[in-house]
Amino acid sequence: MVLNGVDVASWQAGIDFSKIACDFAIIKATGGKSYVNPHCDTQYQSAKKSGKLLGVYHYAHESGMEGTAAQEAQFFLDNVKGYIGEAILILDWESSNKGDVAWAKAWLDYVYAKTGIRPLFYTYTGVLNSYNFSSIANANYGLWIANYGTDAAINGFKQPSGPVSPYWTCLLYTSPSPRDA
């Protein structure tokens, strides 16, 4: 079974999920220790109303708002508490500290300890193949890999050539964010 999904952030303000060919929506909620996506709840409610499966993510080390893993994890939890139990929780790993695997693992462990829910780890192939993420994979955190193959809006998912990961055997892919929706 293949599910089609999209990743949305503040760039997709006003998105109408009833017009998006996807099964799930993963929405940026927070970044660093102080950024909140001002459109997160509107996007979340639109996706929910349209019957989409849901996820929310935190962008680690948002530029100018960097914090410790614990600070950023708690900030994320404070801002998504209404979605816990309904949405997948995710760490978006692509910022300035992408080589600090221990930081990512600490964030994931913090969220798991506070919620009892194992968050996913989200990155792209270049990062995945540049660092040793075995500590995250061995702790049973799932992996979501961005697929940046096309930039077509409202087309949903297109099966990419799967990346190779020496650490995970089961991967989740998504298509690019719909910019024109």
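The coordinates are above.
Residues numbered from 1 in each chain as written. Predicted model: local features only at pLDDT ≥ 70, side-chain atom pairs only at ≥ 80, totals over all residues. Heavy atoms only, no water.

J.: Would you explain the overall build of the chain in this entry?
T.: From N to C terminus, the chain includes five helices and eight strands. Reading the secondary structure of the chain in the N-to-C direction produces β-β-β-α-β-α-β-α-β-α-α-β-β. When burial is assessed residue by residue, the chain has 49% of its 181 residues classed as buried. Considering only contacts in the chain between residues 6 or more positions apart, those separated by 24 or more positions represent 69%. (Helix = DSSP H or I, 4+ residues; strand = E, 2+ residues; numbered from the N terminus. Buried < 20%, exposed > 50% of the residue type's maximum accessible area, 1.4 Å probe, protein only. Contact = heavy atoms within 4.5 Å.)

J.: How do you make sense of the pattern of salt bridges when you look at a structure like this?
T.: When charged atoms on two side chains of opposite charge get close, those side chains can pair. Counted according to the given criterion, the structure contains three salt bridges. A salt bridge links Asp109 to Lys105; the nearest nitrogen and oxygen atoms lie 2.7 Å apart. Residue Asp109 and its partner Lys105 are both found in helix H3 (residues 101-115); the two are separated by four residues, about one turn of the helix. Residue Asp109 is classed as partly exposed on the basis of its relative accessible area, which comes to 29%. (Salt bridge = Lys/Arg side-chain N within 4 Å of Asp/Glu carboxyl O.)

J.: It is not clear to me how the packing of aromatic side chains should be interpreted in this structure. Could you clarify?
T.: To describe a pair of aromatic rings, you give the distance between the ring centres and the angle between the ring planes. Scanning the model with the defined rule gives ten aromatic pairs in all. Both rings, one in Tyr112 and one in Tyr141, keep their centres 6.4 Å apart while their planes meet at 90°; by these two values the pair is edge-to-face. Separated by 29 residues along the polypeptide, Tyr112 in helix H3 and Tyr141 in the loop between helix H5 (134-138) and strand E7 (143-146) bring together distant segments of the chain. By relative accessible area, Tyr141 is classed as buried at 1%. Where Phe121 meets Phe133, the ring centres are 5.1 Å apart and the plane angle is 50°; that geometry is what we call tilted. Separated by twelve residues along the polypeptide, Phe121 in strand E6 (residues 120-123) and Phe133 in the loop between helix H4 (125-128) and H5 bring together distant segments of the chain. Since its relative accessible area comes to 0%, Phe121 is described here as buried. Members of the aromatic cluster, joined through ring pairs, are Trp93, Trp103, Phe121, Tyr131 and Phe133. (Phe/Tyr/Trp six-rings, centres within 6.5 Å; stacked < 30°, edge-to-face > 60°.)

J.: Would you mind going over the side chain of His61 with me for this structure?
T.: Within the element layout of this structure, His61 appears in the loop between strand E4 (53-59) and helix H2 (69-80). In this structure, His61 is in contact with Gly32, Glu66, Gly67, Glu72, Ser95, Ser96, Asn97 and Trp103, ignoring residues within four places of it in sequence.

J.: Help me understand the side chain of Glu62 in this model?
T.: Inspection of the secondary structure puts Glu62 in the loop between E4 and H2. Residue contacts for Glu62: discarding those within four places in its chain leaves Lys28, Gly31, Gly32 and Tyr35.

J.: What is the right way to read the environment of Gly64 from this model?
T.: Here Gly64 is to be found in the loop between E4 and H2. Separated by 32 residues in the primary sequence, Gly64 and Gly32 have C-alpha atoms spaced 8.0 Å apart.

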